[in-house]
Amino acid sequence: MDRKIKYMSKALKEAEKALEREEVPIGCVIVKDGKIFTKAFNMRQTKRTAIAHAEMLAIEKACRKLKDWRLDGAEMFVTLEPCAMCAGAIAGSRIKKVYFGAYEKKGGGVESQFDILDRSGMNHTVEHEGGIMEKECSEIIKKFFKDRRK
């Protein structure tokens, strides 16, 4: 199995956990040294804070686990294109590469609206690739919002 599919599938499992808790279904895994290092899902409603995005929670766990703010060599797999806040944290934590599933046309901080990870003014630029399992990642979010409107 392609490693991008393998890890994005794990991120989708995290998104499903968010869905079970009536959170926006976004999941994230951080891979280091070829293994899942941390994983998280969106918890803004549960934690009642705007910064409890899946990416932020996964980065925080990884930093605590490593006892360092630098996540050199780590890769992130997230089901939705990171927002500007998350993209800034990704660059700040020195993640090597981000793979994301669905594009976030309204507020994507990687390609759709902003190109934060490519900015030469940042201390660290981050490689990125979107559209990994895009259909599956997009469907879970679309279904969530469709069900909410009912």
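See above for the structure.
Calculation rules
Residues numbered from 1 in each chain as written. Predicted model: local features only at pLDDT ≥ 70, side-chain atom pairs only at ≥ 80, totals over all residues. Heavy atoms only, no water. Helix = DSSP H or I, 4+ residues; strand = E, 2+ residues; numbered from the N terminus. Expected span 1.5 Å × (residues − 1). Buried < 20%, exposed > 50% of the residue type's maximum accessible area, 1.4 Å probe, protein only. Arc of directions from axis to C-beta. Contact = heavy atoms within 4.5 Å. Core = buried A, V, L, I, M, F, W, Y, C linked by side-chain atoms within 4.5 Å. Pairing = 2+ DSSP bridges.

**Q** Teacher, can you tell me more about helix α5 (residues 134-149) here?
**A** Residue pairs three or four apart in sequence face the same way in an α-helix, which turns once every 3.6 residues. Taking 1.5 Å of rise per residue, the 16 residues of α5 would be expected to cover 22 Å, and the 23 Å separating its terminal C-alpha atoms lies within 8% of that figure. Every buried residue belonging to α5 is among Cys137, Ser138, Ile140, Ile141 and Phe144, and all of these are buried. Buried positions in α5, seen along its axis, are confined to an arc of 160° and lie on one side of it. More than 90 degrees from the buried face of α5, the exposed residues found are Lys135, Lys142, Lys146 and Arg149. Tucked inside the fold, the buried residues of α5 contact α1 (3-20), β3 (75-80) and β4 (97-102).

**Q** Is there a simple way to think about unusual backbone geometry in this case?
**A** Note on backbone geometry: most residues besides glycine have negative phi, and most peptide bonds are trans. In the Ramachandran plot, Asp33 falls in the positive-phi region, its phi being about 55° despite a non-glycine side chain. Among the structural elements, Asp33 can be located in the loop between β1 (27-32) and β2 (35-41).

**Q** What is the right way to look at the nonpolar core in this model?
**A** Within soluble globular proteins, side chains that are nonpolar generally end up buried alongside one another. With 45 residues, the main nonpolar core has Ile30 and Met76 as its most contacted residues. Counting only elements with at least two residues in this core, the list comes to α1, β1, β2, α3 (54-66), β3, α4 (84-92), β4 and α5. Not counting chain neighbours up to four residues away, the residues in contact with Ile30 comprise Lys35, Ile36, Phe37, Thr38, Ala58, Ile59, Ala62, Leu71, Ala74, Glu75, Met76 and Ile95.

**Q** Quick question: what am I supposed to make of the pairing of β4 here?
**A** Looking down a regular strand, the side chains alternate between one sheet face and the other. Of all 6 residues making up β4, 6 are buried, and the element is well covered by its neighbours. Relative to β4, β3 runs parallel, the two sharing 5 bridges. In the sheet register, Met76 faces β4, and the bridge partner there is Val98. Direction of pairing for β4 relative to strand β5 (residues 127-129): parallel, over a ladder of 3 bridges. Looking at the pairing, Tyr99 lines up with Glu129 of β5.

**Q** I would appreciate a short explanation of the environment of Ala40 in the present structure.
**A** Within the element layout of this structure, Ala40 appears in strand β2. Along the backbone, Ala40 and Lys17 are 23 residues apart, and their C-alpha atoms lie at a distance of 9.1 Å. Those residues in contact with Ala40, other than ones at most four positions away along the chain, are Glu14, Ile26, Gly27, Cys28, Ala54, Leu57, Ala58 and Lys61.

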